[in-house]
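Coordinate analysis (summary)
Each chain is listed here by its residues.
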Amino acid sequence: MNFKTNKIFITWMKMFNIPNLITACNMLCGVFAIILAFAGRIDIAPYFIFLAAVLDFFDGFVARLLKQQGELGKQLDSLADMISFGLAPGIIIMITLVVSISGQEVMSQWPSNIGGRPEFGNEMLSSVNWDVFVINWTQQISNFKNISWLPFTALIIPFFSMFRLAKFNIDTRQSESFIGLPTPANTIFFMAFPLLLNQYGGTTGWEHDLIMWLVQPVVLIPIIVVMSVLLVSELPLFALKFKNFKWKGNGTRYVFLISCGILISTLLIWSIPIIVLLYLLLSFIQHILRKNRTHEIQS
């Protein structure tokens, strides 16, 4: 192996190191989630996003463990996050709105004198598949005829995510904590909607009524706007980074993790958005307490 070949090999090894390959797998999970969403499988797509979130955690962990942190890895991480936690959730929620709007139209147009009206959700999958809703919607777009524009509002998510990720890369204040809602947390929050719609859409009870209310455009679109604005807000949020395992200095983190365990074990999928909202609430409380403490010291 001559010098030139050896130099190319070393360059490739640095580029395609283990942490960067994990980051690339994160990106591929986002791509698969997008493909599944356009196929109408918003019941499966969120699981690829969850896998992407796990990989997003481990790429940084492995990079620190192997001492392979670098500018390339930082840039790759942002590019992968833009797909998995920016574009993919926007597409998935866009398709969720398509399914919501189309499903409600099917039920409203179902003749009252004909029995067997399908319930919107799991049972509707066997009668009017969700992929049919997506196909019909994309055909409306291609024909520029009777287009339902409301689902496009979900693209607010990738719009603000792009600015959030760029801001994070140049903001030196975010080495120990976050300023604004992190894109993975925002994405995980929204992944609960298609999962809950799939699980409870075709049932009865409060779960059905609540998710059917939540996926209505008049409710979901304002939620999209508020959560997206939080991405670029100046709200300080704690990070799950432990310098030590003492209670002092980590109280908020321990309260959050214990609460997460309780919520997940009792509420299952419903716990996902509640956990993200709890994260925002605890961060806000921590910020207020620190601000008051600083004011007392200065006075």
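Coordinates for the structure precede this section.
About the thresholds
- Residues numbered from 1 in each chain as written.
- Predicted model: local features only at pLDDT ≥ 70, side-chain atom pairs only at ≥ 80, totals over all residues.
- Heavy atoms only, no water.
- Helix = DSSP H or I, 4+ residues; strand = E, 2+ residues; numbered from the N terminus.
- Contact = heavy atoms within 4.5 Å.
- Buried < 20%, exposed > 50% of the residue type's maximum accessible area, 1.4 Å probe, protein only.
- Polar contact = N/O pair within 3.5 Å; in protein donor to acceptor, adjacent residues only side chain to side chain.
- Phe/Tyr/Trp six-rings, centres within 6.5 Å; stacked < 30°, edge-to-face > 60°.
- Core = buried A, V, L, I, M, F, W, Y, C linked by side-chain atoms within 4.5 Å.
- Axes fitted to C-alpha atoms, helices over the stretch in contact; angles between N-to-C directions.
- Parallel < 35°, antiparallel > 145°, perpendicular 65-115°, else oblique.
- Left-handed = near helix turned anticlockwise from the far one by under 90°.
- Nonpolar A, V, L, I, M, F, W, Y, C, P; charged D, E, K, R; others polar.

1. A short note on the environment of glutamine 68
Looking at where glutamine 68 falls in the secondary structure, it is placed in the loop between helix H3 (45-66) and helix H4 (71-109). Each C-alpha atom of the pair glutamine 68 and isoleucine 18 lies 8.8 Å from the other, and the pair is 50 residues apart in sequence. Residue contacts for glutamine 68: discarding those within four places in its chain leaves Asn17, Ile18, Pro19 and Ala63.

2. Concerning the side chain of serine 100
Checked against the element boundaries, serine 100 lands in helix H4. Judged by relative accessible area, which is 2%, serine 100 ranks as buried. Within the local environment of serine 100, its side chain forms a polar contact with the backbone oxygen of valine 215, the two atoms lying 2.8 Å apart.

3. Topic: the environment of cysteine 25
Looking at the secondary structure, you find cysteine 25 in helix H2 (residues 18-38). A sequence separation of 34 residues divides cysteine 25 from aspartate 59, and the C-alpha atoms of the two residues are 9.7 Å apart.

4. With respect to the packing of aromatic side chains
Under the definition given, this model contains 18 aromatic pairs. Between phenylalanine 168 and phenylalanine 178, the aromatic rings sit 6.3 Å apart at their centres with planes inclined by 40°, giving tilted as the arrangement. Here the residue phenylalanine 168 occupies a position in helix H7 (residues 156-170), and phenylalanine 178 occupies one in strand S1 (residues 178-179), the gap between them amounting to ten residues. For phenylalanine 178, a relative accessible area of 18% corresponds to the buried category. Measuring from centroid to centroid gives 4.9 Å for phenylalanine 238 and tyrosine 279, while their planes differ by 80°, and the two rings are edge-to-face. On the criterion of sequence distance, the pair formed by phenylalanine 238 in the loop between strand S2 (236-237) and helix H11 (251-267) and tyrosine 279 in helix H12 (residues 271-298) is long-range, its members being 41 residues apart. Among the residues examined, tyrosine 279 registers a relative accessible area of 8% and is labelled buried. Through pairs of rings, three or more aromatic residues link up here, namely Phe57, Phe58 and Phe61.

5. Description of the nonpolar core
Counting 67 residues, the largest nonpolar core has Ile95, Phe190 and Ile211 as its most contacted members. Beyond its immediate stretch of four places on either side in the chain, phenylalanine 190 contacts Ile93, Ile157, Leu220, Ile223, Ile224 and Met227.

6. So, the packing of helix H8 (residues 183-200) against helix H9 (residues 206-214)
Relative orientation of the contacting elements H8 and H9 amounts to 140°, with a least axis distance of 9 Å. Between H8 and H9, the angle falls in the class oblique. Regarding H8 and H9, the two cross each other, and that crossing is left-handed. Along its contact with H8, which presents Phe193, Leu196, Leu197 and Tyr200, the element H9 presents Glu207, His208, Ile211, Met212 and Leu214. Split into classes, the residues belonging to the contact of H8 with H9 amount to seven nonpolar, one polar and one charged.

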